[in-house]
Structures are given as C-alpha cells and as structure tokens.
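Residue-level structure breakdown
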Amino acid sequence: MELFAKLFGAPQIASIVEMKLFLNEALRTVREQRFSQSFLLGEWTDVVDAWQLKTWDTYRDVARRGRKTRLGSKQREQLWTIFEQVRAKLDQRGLVTWPEIFGRITEHLSRVQDRPFDFAVIDEAQDMGIAEVRFLKALGSTRADGLFFTGDLGQRIFQQPFSWKSLGVDVRGRSHTLRINYRTSHQIRSHADRLLCIACGRRRH
C-alpha cells in the first residue's frame, strides 16, 4: 500500500459489494447465459483479476487451473463481454483491486534498477496469489538470495493452484522440508491424543 501510494497516489480499493454490483449490472446485458453470481465472482477473482488479464486474447488462452467448471469458446466470449464492462466501471470510478495494486508496482519495478528492499522474508507463503508472487519476483530479481519463503501446504485452503516456476520463482533444489514440529507443546499433543482415543472408541461402538 505504501509503495503504491508513493508511486501512483493513495488507492481506492473496490469492495466486494461494489464488485458484485458491477458483475450483476454487466450480467444483465448478456443474453442466453446461465452464469451465477458466485461463479462470476470466482472467475473474476481467481482468473481474470488474479492474472490481470486485460484483453480477450489473454482470457481466451489462459489455463483456468483449479476452476471446476469447464468453458467452451462461446461461454468465454460471453464472460469476457461481462468482464470488459467490469473493468470499464472500475476505471470510470477510479477504483483498483489488490491484484492490480501488485501488478502496477511489479510493472514499475521491471523498468527501474533500484529496489525498495534488499531482501524479503515471506511467512505463510502458501497463501500467496499470482499477483503477489509476480511482485516478489520483481522485488528480488537483482539478488540470487533476495527472497526467503516459509509455509505449510497443508494449511492451503482458499488459494487456487498455480505454478511458481511459470512466474519465475523456482525453488527446486533450494527448498527444505521441516519434519519436526516445534510448535505443538506436550500439553496440546496429549489433549489431542485423548480426543482421538474418544473418537476411536465411539466408532467401535
């Protein structure tokens, strides 16, 4: 937020209420479609906005990893008609989304030599999205060891799958798995063991 404000001015971030309103308004302009509001919001959030797709060609060709509903070419065309209107409404009102904030800073960093930080330590890395990984790649591009990630894939719940390598962050051969849990105390483990024993006893009966 501070970097964006310094470069482009304080942003006005579109709320979830505003995004739903824009999507619903655009949806009403497209005939013979059966898209629900929840599907539209997910497609916008996980695909269009996440990848910062700005043209029909990029949306037509993007791999929609993690999205369960398969789309034909006609459906994609209808959806892009909706998303174009949403982008226009955001621009008209001077609103931005978080992926756009990261995207614009990333573009700026790709054009300059100086970086606002020499190193970055990122915790809970399993929760990062596409825009964040792109930003960090640009941030650490001048140093081989400029970025340090920690995370637990077992705690990844809401984030859609995507390839870090495809975004320029390759951790193969440079990562390590911690196999000893230092967080769980003896008291917590003992209590959990008792709960498991109770659950196992109930299943037997």
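Above this text sits the structure in question.
Our subject in this report is the structure included herewith.

What counts, and at which threshold
Residues numbered from 1 in each chain as written. Predicted model: local features only at pLDDT ≥ 70, side-chain atom pairs only at ≥ 80, totals over all residues. Heavy atoms only, no water. Core = buried A, V, L, I, M, F, W, Y, C linked by side-chain atoms within 4.5 Å. Buried < 20%, exposed > 50% of the residue type's maximum accessible area, 1.4 Å probe, protein only. Helix = DSSP H or I, 4+ residues; strand = E, 2+ residues; numbered from the N terminus. Contact = heavy atoms within 4.5 Å. Phe/Tyr/Trp six-rings, centres within 6.5 Å; stacked < 30°, edge-to-face > 60°. Lys NZ or Arg CZ within 6 Å of the ring centre and 35° of its normal.

Describing the nonpolar core
Here is a general trend for soluble globular proteins: nonpolar side chains tend to be buried in one another's company. Ranked by size, the top nonpolar core spans 47 residues in total, and within it Leu40, Tyr59, Leu79, Ile82, Phe83, Val86 and Leu90 carry the most contacts. Elements supplying a minimum of two residues to this core: helix H2 (16-27), helix H3 (37-48), helix H5 (73-93), strand S2 (95-96), helix H6 (98-111), strand S3 (120-122) and helix H7 (130-139). The element that contributes the greatest number of residues to this core is H7, accounting for 7 residues. Excluding residues within four positions of it along the chain, leucine 90 makes contact with Ala14, Met19, Phe22, Trp44, Leu95 and Thr97.

A few points about the packing of aromatic side chains
In this structure the tally under the stated criterion is 8 aromatic pairs. Ring geometry for tyrosine 59 versus phenylalanine 83: centroids 5.9 Å apart, planes at 85°, classification edge-to-face. Here tyrosine 59 is found in helix H4 (residues 56-61), whereas its partner phenylalanine 83 is found in helix H5, with 24 residues between them in sequence. We note that tyrosine 59, like phenylalanine 83, is buried. When the centroid spacing of 6.4 Å and the interplanar angle of 45° are considered together, the rings of tryptophan 98 and phenylalanine 102 count as tilted. Of this pair, tryptophan 98 and phenylalanine 102 both sit in helix H6, separated by 4 residues, roughly a single helical turn. Using a relative accessible area of 40% as the deciding quantity, one classes tryptophan 98 as partly exposed. In textbook terms, an aromatic cluster arises when at least three aromatic residues are bridged by ring pairs, as seen for Trp44, Tyr59, Trp80 and Phe83. Geometry around tyrosine 59 places arginine 76 over its ring, the cationic atom sitting 5.6 Å from the centre.

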